[in-house]
Amino acid sequence: DAKTTQPNSMESNEEEPVHLPCNHSTISGTDYIHWYRQLPSQGPEYVIHGLTSNVNNRMASLAIAEDRKSSTLILHRATLRDAAVYYCILRDGGYTGTYKYIFGTGTRLKVLA
Amino acid sequence: KAGVTQTPRYLIKTRGQQVTLSCSPISGHRSVSWYQQTPGQGLQFLFEYFSETQRNKGNFPGRFSGRQFSNSRSEMNVSTLELGDSALYLCASSHDQGLAGGGIQYFGAGTRLSVL
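Since the structure is predicted, the reported quantities are computational estimates derived from the model, not experimental observations.

Novice: Mind showing me how you'd approach unusual backbone geometry here?
Specialist: For residues other than glycine, phi is negative in most cases, and the peptide bonds are mostly trans. Residue and element names in this part refer to chain B. In this structure, Pro8 follows Thr7 across a cis peptide bond, with omega equal to -10 degrees. Unlike most non-glycine residues, Ser72 shows phi in positive territory, near 80 degrees. If you trace the backbone, Ser72 turns up in the loop between β7 (64-68) and β8 (74-78).

What follows is the structure in structure tokens.
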């Protein structure tokens, strides 16, 4: 089965950059890598996604390894509102039949004022 | 544009009963996915529907089922409830593609099910 591996928790000081890693060594060739985050008492919300190249949006950047077996979510300046559980997600399955989506255990990010 | 709406927000059932949860996707979205979230197992994918057809399925027993209607609204049903089915059930909608195809999913606030 496919699997994502993330650190259980990380801490960052406010206004400093944060790098959240994810290993996904079993990723299939054309599957996108997604990152979502979940704030307390809310459903997950989209952060960023990418296929092969590094990606930037207003929330974050995503750095994808050349072999696609790992990725890193980068929050350029962490704020208190960024405190959440961050999940990287990939699809598990072959190219026939149905698939399932795998959420890792997530990284709980704590931002210190 | 209204977000993903899940009803009810909270539900209490007893073992052996069945339950139906409802999800109204964002207008224009044709894909609906369901997830179970528990403290022990985290977020687990249940199934995904697209245009009334199940497109992907996770590793859950047959007691968990779902369907999607022609207006893209979706329901999931759990029969013969067990204590371990107590969880937050989340619904997410996307326009067309699933996650693997680059589609972005928008999640509802969830239905919290407690089985006594």
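Novice: Help me understand the packing of aromatic side chains in this model?
Specialist: Each aromatic ring pair is specified by the distance between its two centres and by the angle formed by the two planes. For the structure on display, the rule yields nine aromatic pairs over all chains. Taking 5.8 Å as the distance between ring centres and 75 degrees as the angle between the ring planes, the aromatic pair formed by A:Tyr36 and B:Phe107 counts as edge-to-face. Of the two residues, A:Tyr36 is situated in strand β3 (residues 33-38) and B:Phe107 in strand β10 (residues 106-107); the pairing between them involves two chains. Across the pair, B:Phe107 and A:Tyr36 agree in class, each one buried. A centroid spacing of 5.6 Å and a plane angle of 75 degrees characterise the contact between A:Tyr87 and A:Phe103, whose relative ring orientation is edge-to-face. Of this pair, A:Tyr87 sits in strand β8 (residues 84-92) while A:Phe103 is found in strand β9 (residues 100-103), placing the two residues 16 residues apart along the sequence. Feature note: the residues A:Tyr36, A:Tyr46, A:Tyr87, A:Tyr101, A:Phe103, B:Tyr35, B:Phe45 and B:Phe107 constitute an aromatic cluster, connected by ring pairs.

Novice: So what exactly am I meant to see when it comes to the interface of chain B and chain A here?
Specialist: The figure often quoted for interface size is the accessible area lost as the parts come together. With 22 residues of chain B at the interface, the matching set in chain A holds 19 residues. Linking chain B with chain A are zero salt bridges, by the criterion used here. In this structure, the connection of chain B to chain A is made through four residue pairs in polar contact (both at pLDDT 80 or more). Counting residues per element, the ones that place at least two in the side of chain B that touches chain A are β4 (31-38), β5 (42-50) and β6 (53-57) of chain B. Of the residues in the side of chain B that touches chain A, the class split is nine nonpolar, 10 polar and three charged.

Novice: Can you walk me through the sheet that holds strand β3 (residues 19-24) of chain B in this structure?
Specialist: Residues and elements named next belong to chain B. In space, the four strands of this open sheet follow the order β1-β3-β8-β7, with antiparallel pairing throughout. Since the sheet does not close on itself, it has two edges, and those belong to β1 (5-7) and β7, each with one partner. Within this sheet the neighbouring strands show an average axis-to-axis angle of 20 degrees, counted without direction.

Novice: Would you explain the side chain of B:Ser72 in this entry?
Specialist: On the basis of relative accessible area, B:Ser72 is assigned to the buried category, the value being 12%. Here the side chain of B:Ser72 touches B:His29 through a polar contact of 3.2 Å, landing on its backbone oxygen.

Novice: Before we go on, may I ask you to explain the sheet that holds strand β7 (residues 70-75) of chain A in this structure?
Specialist: Note: strands within a sheet are paired through backbone hydrogen bonds, in either parallel or antiparallel orientation. Strand order across the open sheet formed by four strands is β2-β7-β6-β5 (chain A), with antiparallel pairing between neighbours. Edge positions in the sheet fall to β2 (18-23) and β5 (55-56) of chain A, since each has one partner strand and no second.

Novice: When you look at the pattern of salt bridges in this model, what are you seeing that I'm missing?
Specialist: Side chains that differ in charge, positive against negative, can pair when their charged atoms come close. All names here are of chain A. As enumerated under the stated definition, the model contains eight salt bridges over all chains in all. Of the charged contacts, one joins Arg37 and Asp82 as a salt bridge, the two residues approaching to 2.8 Å between their closest N and O atoms. Of this pair, Arg37 sits in strand β3 while Asp82 is found in the loop between β7 and β8, placing the two residues 45 residues apart along the sequence. Pair check on accessibility: Arg37 and Asp82 agree, each one buried. One continuous salt-bridge network, built from bridges that share partners, spans Arg37, Glu45 and Asp82.

Novice: Looking at this structure, how should I read the environment of B:Phe69?
Specialist: All names here are of chain B. With respect to the helices, strands and loops of the structure, Phe69 is situated in the loop between β7 and β8. Separated by 17 residues in sequence, Phe69 and Glu52 place their C-alpha atoms 5.7 Å apart. Beyond its immediate sequence surroundings of up to four residues, Phe69 is in contact with Glu52, Ser74 and Glu75.

How each quantity is defined
- Residues numbered from 1 in each chain as written.
- Chains lettered and ligands numbered in written order.
- Predicted model: local features only at pLDDT ≥ 70, side-chain atom pairs only at ≥ 80, totals over all residues.
- Heavy atoms only, no water.
- Helix = DSSP H or I, 4+ residues; strand = E, 2+ residues; numbered from the N terminus.
- Phe/Tyr/Trp six-rings, centres within 6.5 Å; stacked < 30°, edge-to-face > 60°.
- Buried < 20%, exposed > 50% of the residue type's maximum accessible area, 1.4 Å probe, protein only.
- Contact = heavy atoms within 4.5 Å.
- Salt bridge = Lys/Arg side-chain N within 4 Å of Asp/Glu carboxyl O.
- Polar contact = N/O pair within 3.5 Å; in protein donor to acceptor, adjacent residues only side chain to side chain.
- Nonpolar A, V, L, I, M, F, W, Y, C, P; charged D, E, K, R; others polar.
- Pairing = 2+ DSSP bridges.
- Axes fitted to C-alpha atoms, helices over the stretch in contact; angles between N-to-C directions.

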